[in-house]
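Structural description and commentary
Chain by chain, the residues run as shown.
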Amino acid sequence: MIVVVLPAHLRSLAGVTGDVELELDGPVTRHAILDALEARFPMLRGTIREHVGGQRRPLLRFFACGEDVTHEPADAPLPEAIVSGAEPFYIIGAIAGG
Amino acid sequence: MSNVRVLVGTRKGAFILTADGKREKWDVSGPHFAGWEIYHMKGSSVDPNRIYASQNSGWFGQIIQRSDDGGKTWFQPGTPAGAPTTSPEGMPMGESNKFVYDTSEETGKPLLTHQWYDGTPHPWEFKRVWHLEPSLDDADTVFAGIEDAALFRSTNGGQTWQELPGLRGHGTGSQWQPGAGGLCLHTILLDPANRDRMVIAISAAGAFRTDDGGATWKPINRGLRSQYIPDPDAEVGHCVHHVAMNPSRSNVLFMQKHWDVMRSDDAGDSWHEVSGNLPTDFGFVIDVHAHEPETIYVVPIKSDSEHYPPDGKLRVYRSRTGGNEWEALTNGLPQENCYVNVLRDAMAVDSLDKCGVYFGTTGGQVYGSADAGDTWAPIVRDLPPVLSVEVQTLK
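What counts and how
- Residues numbered from 1 in each chain as written.
- Chains lettered and ligands numbered in written order.
- Predicted model: local features only at pLDDT ≥ 70, side-chain atom pairs only at ≥ 80, totals over all residues.
- Helix = DSSP H or I, 4+ residues; strand = E, 2+ residues; numbered from the N terminus.
- Rg over C-alpha atoms; globule rule 2.2 N^0.38 Å.
- Buried ≥ 20, exposed ≤ 12 C-beta atoms within 10 Å, placed from the backbone.
- Contact = placed C-beta atoms within 7 Å.
- Core = buried A, V, L, I, M, F, W, Y, C linked by C-beta atoms within 7 Å.
- Arc of directions from axis to C-beta.
- Nonpolar A, V, L, I, M, F, W, Y, C, P; charged D, E, K, R; others polar.
- pLDDT = per-residue confidence, 0-100.
- Pairing = 2+ DSSP bridges.
- Axes fitted to C-alpha atoms, helices over the stretch in contact; angles between N-to-C directions.

Focus on the overall build of chain A
Tallying secondary structure elements over chain A gives three helices and five strands in all. Secondary structure elements of chain A occur, N-terminal to C-terminal, as β-α-β-α-β-β-α-β. Computed over C-alpha atoms, the radius of gyration of chain A comes to 13 Å, within 12% of the 13 Å expected from 2.2 N^0.38 for 98 residues, which places it in the range of a compact globule. With respect to the three principal axes, the spread of C-alpha positions in chain A is 35 × 25 × 25 Å. Taking all 98 residues of chain A together, 32% fall into the buried category. The contacts of chain A with a sequence gap of at least 6 include a subset with a gap of at least 24, amounting to 55%.

Focus: the overall build of chain B
Across its full length, chain B holds zero helices and 29 strands. For 395 residues, the compact-globule estimate of 2.2 N^0.38 gives 21 Å, and the C-alpha radius of gyration of chain B, at 20 Å, lies within 12% of that figure. Principal-axis analysis of the C-alpha atoms places the extent of chain B at approximately 55 × 50 × 40 Å. Counting only residues that meet the buried cut, chain B has 53% of its 395 residues in that class. Long-range contacts, defined here as pairs at least 24 residues apart, represent 49% of the contacts in chain B between residues at least 6 apart.

What to know about the nonpolar core
If you look at soluble globular proteins, the nonpolar side chains tend to sit buried side by side. Val8, Val243, Tyr358, Val366 and Val389 of chain B are the most contacted members of the largest nonpolar core, which has 131 residues in total. Element by element, the count of residues in this core is highest for strand E14 (residues 198-203) of chain B, at five residues.

Re helix H2 (residues 30-40) of chain A
The periodicity of an α-helix, 3.6 residues per turn, causes residues three or four positions apart to be oriented the same way. Residues and elements named next belong to chain A. Of the positions making up H2, those classed as buried are Arg30, Ile33, Leu34 and Leu37. The arc enclosing the buried residues of H2, seen along the axis, measures out at 95 degrees, which places them on a common side. Packed against the buried residues of H2 are strand E1 (2-5), strand E2 (20-22), strand E3 (60-64) and strand E5 (89-93).

Some words on the interface of chain A and chain B
Between chain A and chain B, the contact holds 18 residues from the first and 20 residues from the second. The element contributing the most residues to the side of chain A that touches chain B is helix H1 (residues 8-14) of chain A, with three residues. When its residues are assigned to classes, the side of chain A that touches chain B shows nine nonpolar, six polar and three charged.

A short note on unusual backbone geometry
Residue and element names in this part refer to chain B. Along the chain, Gly30 connects to Pro31 via a cis peptide bond; the corresponding omega equals 0 degrees. Within the fold, Pro31 resides in strand E3 (residues 27-32). Omega for the peptide link from Ser203 to Ala204 comes to 0 degrees, which places this bond in the cis form. Looking at the element boundaries, Ala204 is found in the loop between E14 and strand E15 (206-210). Positive phi, close to 90 degrees, is recorded for Asp260, a residue that is not glycine. Within the fold, Asp260 resides in the loop between strand E18 (253-257) and strand E19 (261-264). Residue Asp260 is classed as buried on the basis of its C-beta count, with 22 C-beta atoms lying within 10 Å. Here the phi dihedral of Ala267 falls at roughly 55 degrees; this positive angle occurs in a residue that is not glycine. Relative to the helices and strands, Ala267 resides in the loop between E19 and strand E20 (272-273).

Details of the confidence of the model for chain B
Averaged over all residues, the pLDDT of chain B is 93; the fraction at 70 or higher stands at 95%. Here the prediction assigns the complex a pTM of 0.93, and the interface score ipTM is 0.84.

Comments concerning the sheet that holds strand E28 (residues 377-380) of chain B
All names here are of chain B. What the four strands build is an open sheet, ordered E25-E26-E27-E28; its pairing is antiparallel. In the strand order of this sheet, the two ends are held by strand E25 (347-349) and E28, each with one partner. The average undirected angle you get between the axes of adjacent strands in this sheet is 25 degrees. Inspection of the sheet shows strand E27 (residues 366-369) paired to E28 by three bridges, in the antiparallel sense. Bridge assignment links Val366 to a residue of E28, and that residue is Val380.

Here we look at the sheet that holds E3 of chain A
All names here are of chain A. Taken in spatial order, the five strands make up an open sheet running E2-E1-E5-E3-E4, and their pairing is mixed. Unpaired on one side and paired on the other, E2 and strand E4 (67-68) mark the two borders of the sheet. Against the sheet, H2 makes contact with E1, E2, E3 and E5, and its axis sits at roughly 110 degrees relative to E2, the strand it touches most.

Quick notes on the pairing of strand E5 (residues 51-57) of chain B
All names here are of chain B. When you tally the buried positions in E5, you get seven out of seven residues, the bulk of the element. Judged by which residues are buried, E5 turns out to be covered on both faces: Ile51, Ala53, Gln55 and Ser57 on one side and Tyr52, Ser54 and Asn56 on the other are all buried. Pairing analysis gives six bridges linking strand E4 (residues 37-43) to E5, with the strands arranged antiparallel. Each residue of the ladder has a partner; that of His40, found in E5, is Ser54. As defined by bridge partners, E5 adjoins strand E6 (residues 61-67) across seven bridges and the pair is classed as antiparallel. By the bridge assignment for E6, Ser57 is matched with Gly61. Count of turn residues in the E5/E6 antiparallel hairpin: three residues.

What about the confidence of the model for chain A?
Looking at chain A, the pLDDT average stands at 93 and 98% of residues meet or exceed 70. By mean pLDDT, H1 of chain A is the weakest element of chain A at 92, and E1 of chain A is the strongest at 98.

So, in structure tokens, the structure goes:
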């Protein structure tokens, strides 16, 4: 079971109040997590990755086990603590005022 | 008795203000979509309980919301072809936020770039929906004006969107440049007398018209003069801020441009200036009285860099002569130390016997007048900065 922490705006959009738990088949990668997240919460399509091309939206980053994995290959395996659910996979929006 | 519903989009959510026909006591509902920018909300004239909303975030992009019960509840209307209509949790499926430019040879032209601020080619990039305009005939058909400027249409209640590519592809699209607010298509006027006619406006390209339901378009900027561009009389490149018309006389258009208030008596084929005695002819909003097609309203704003009312006095100016002769409307509006702005889609009128006029400010006030502008009162004072105001008159 994978645990995903969403920014507050996306939690409200998805209609959840806490962390999201996902079951994945196959290798646990950023790509696989985002696919599973969007399959379960279709209203998040286009909010993390662009519809066209699938690029990450520029003010978002991804963290795993305290490491910034934003610029790691999308299909790179994530740490075992993410795979086991011991540590959450963070989707974080840039801090900004206003 | 009739009721009035005012739809207010702000930087941090949507608010719905309702009152009976006296327009004295108001109920305030909101914030809906708290924390998100709501660029625009508009109800269908066919089914007033059908309201569309453009929800946006610099972080998370565009969302389209729809209400079928007058704004009490909302949902994202998208459903991909062949997909289940709900997620395992019962939430609606969605691709209603998917706006993809048409670059196909078959239906449009492979227009890949417009001009950037420095004149270099820049790829078209979808950023947000500025304006939603429901069809006059079908509650499920709605038009969206987007940034970077293009016109999209949904015929299934906002579930999916297709570009009307003839606008960007008509010939001048590659020359369009953004204004300071972006290359935005912010105004969509549907002609009730001619269902094939539509007028749109883009900052900073100008105004455009179709006479065949959106298939082909032409610039309608003859008579506009913009000192800040190399050719002040150019076919395109004018920073049109807003265009308005009275539905009973749709060939007469009124325009608030970056500078100059303009009028056309031939559906935009030609324009002439009607700024007259305004204290400044810069501003963003313009609207027309619901029953008096020669009565128009603007809010003069000091510019180029200040963007607040001259002398710190918030004044709506009304012309009862279709322009040129203007009177300041100040009763109930702050006349000292007021330095707010009124953005381009933040004024609207109702259609009650005594026309109501409403506008919202970047200071979070929404002012209303139940007597065509003679007197004003704040409906709410402390909302987030107001981006848009629309009004529904409910029988």
